[in-house]
Amino acid sequence: MSTDPRFAPGARVRVKDDWPETRGPCHIRTPHYVRGRTGQVVRPLGAFPNPEDLAFARPAPRRQLYHVLFEQPPIWDEGKAGDTVMVEIFEHWLEEA
Amino acid sequence: MAAPPSGASLALLEKLVAALSTKGLVTEAEITERQAITDRASPEIGARMVARAWTDPEYYALLMRDGKAAAEAMGASMAGAPELGVLENTPKQHHLVVCTLCSCYPRALLGYPPGWYKSFAYRSRAVREPRAVLAEWGTPMADDVEIRVVDSTADYRWMVLPMRPAGTEGWSAEKLASIITRDALVGVAVPRV
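Values in this document were obtained by computation on a predicted structure and should not be read as measured data.

Peer 1: It is not clear to me how the state of the cysteines should be interpreted in this structure. Could you clarify?
Peer 2: Residues and elements named next belong to chain B. Within this structure, the stated rule accounts for 0 disulfides over all chains. Of all cysteine sulfurs in the structure, the one in Cys102 sits closest to Cys99, which takes part in no disulfide; the separation is 3.5 Å. A residue is classified by how much of its surface remains accessible, and Cys99, at 0% relative accessible area, is buried. This cysteine, Cys104, is not joined by any disulfide, and Cys102 carries the nearest cysteine sulfur, 3.6 Å off.

So, in structure tokens, the structure goes:
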């Protein structure tokens, strides 16, 4: 798999609304509160072995990691407009928005 | 420091270490070495990094470009440690670091995370109501300052570069470092004169 970043800084991305927890034992580094949410790529952070494989001692291909920025109030239906939350998310959890 | 481990968790830990040793994944010597690195690490190193960044433009540039190299330049042992990212506070933006998934923390640099950083209360509230959390820490934020919560979830560890407070003009780097606390490097506090 290529580790060149698919998304550039500023790209609008949606976090997959996926809940692998329902499919059995798994390890996930994408916080539940951003799943299905749309954010903006701040920058690619480099490629790292996929922790979802590492957790099970499987071969872990490197996946591109991004800093993705979200508006904070819509996530919780509370908070102050303009406040944000920035999360490290692996590329396979992101799709174009 | 972490809460003292209970007897049950110590027994589990011993079993885990034994299993990892049997599989050849880790040795007691490696664990001891890692503990020694964390024991040597201290928020004082982070404080000295910030103070130098405030007073040395070249070091500031290095810190923003390559956190690990900047930490090593101040004597931290960063070999084998995750990447270190630096989050610069400005008059319009304040960073607050949390790890909602577990307790990721720049241990190689700052040492062991404080108990509150690992608590469910901090991890769930910092990301949901950061202004309330900051106010409880005695760090209320003006309405025109963006709070940027940084959820440390993967292969980086994050340190906040606080703003240099007014009234510190002409201070030496040593004196500046004395007002930079661990809590300011996580973002729950700001340096005060």
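Peer 1: Would you mind showing me how to read a nonpolar patch on the surface here?
Peer 2: Residue and element names in this part refer to chain B. There is a patch of nonpolar side chains on the surface, built from Leu10, Leu13 and Leu16 and spanning about 270 Å² of accessible area. One can find Leu13 in helix 1 (residues 7-22). The exposure class of Leu13 is partly exposed, given its relative accessible area of 46%.

Peer 1: What am I meant to see in the sheet that holds strand 3 (residues 146-151) of chain B here?
Peer 2: To summarise the sheet geometry, strands pair through backbone hydrogen bonds and adopt either a parallel or an antiparallel arrangement. Pairing within the open sheet is mixed, and its 7 strands lie in the order 5(A)-1(A)-2(A)-3(A)-4(A)-3(B)-2(B). The open sheet has two edge strands with one neighbour each: strand 5 (94-96) of chain A together with strand 2 (93-98) of chain B. Neighbour to neighbour, the strand axes of the sheet diverge by 35° on average, direction disregarded. In the packing of helix 8 (residues 120-128) of chain B onto the sheet, contacts are made with strand 4 (84-90) of chain A together with strand 2 and strand 3 of chain B, and the angle to strand 2 of chain B comes to roughly 150°.

Peer 1: Quick question: what am I supposed to make of the interface of chain A and chain B here?
Peer 2: Accessible area lost upon the coming together of the parts is a frequently used measure of interface size. Chain A puts 22 residues into the contact, and the matching count from chain B is 23 residues. For the pairing of chain A and chain B, the buried interface totals around 2,000 Å² over both sides, and the portion due to carbon and sulfur atoms is 51%. Here chain A and chain B share 2 salt bridges between them. Linking B:Arg128 and A:Glu78 is a salt bridge whose minimum nitrogen-to-oxygen distance equals 3.3 Å. Where chain A packs against chain B, one counts 21 residue pairs in polar contact (both at pLDDT 80 or more). When residues of the side of chain A that touches chain B are traced back to their parent elements, those giving at least two are strand 2 (38-49), strand 3 (62-71) and strand 4 of chain A. Per element, the largest residue contribution to the side of chain A that touches chain B is 6 residues, and it comes from strand 4 of chain A. Split into classes, the residues belonging to the side of chain A that touches chain B amount to 12 nonpolar, 4 polar and 6 charged. Across 4 bridges, strand 4 of chain A lies against strand 3 of chain B in parallel orientation. Paired with A:Met86 across the two strands is B:Val150, which belongs to strand 3 of chain B.

Rules used throughout
- Residues numbered from 1 in each chain as written.
- Chains lettered and ligands numbered in written order.
- Predicted model: local features only at pLDDT ≥ 70, side-chain atom pairs only at ≥ 80, totals over all residues.
- Heavy atoms only, no water.
- Disulfide = S-S within 2.5 Å.
- Buried < 20%, exposed > 50% of the residue type's maximum accessible area, 1.4 Å probe, protein only.
- Patch = residues over 30% accessible without salt bridge, like charges linked within 9 Å, V, L, I, M, F, W, Y side chains within 5 Å.
- Areas by Shrake-Rupley, 256 points an atom, 1.4 Å probe, with all protein chains shown as cover.
- Salt bridge = Lys/Arg side-chain N within 4 Å of Asp/Glu carboxyl O.
- Helix = DSSP H or I, 4+ residues; strand = E, 2+ residues; numbered from the N terminus.
- Pairing = 2+ DSSP bridges.
- Axes fitted to C-alpha atoms, helices over the stretch in contact; angles between N-to-C directions.
- Contact = heavy atoms within 4.5 Å.
- Buried area = accessible area lost by both parts, 1.4 Å probe.
- Polar contact = N/O pair within 3.5 Å; in protein donor to acceptor, adjacent residues only side chain to side chain.
- Nonpolar A, V, L, I, M, F, W, Y, C, P; charged D, E, K, R; others polar.

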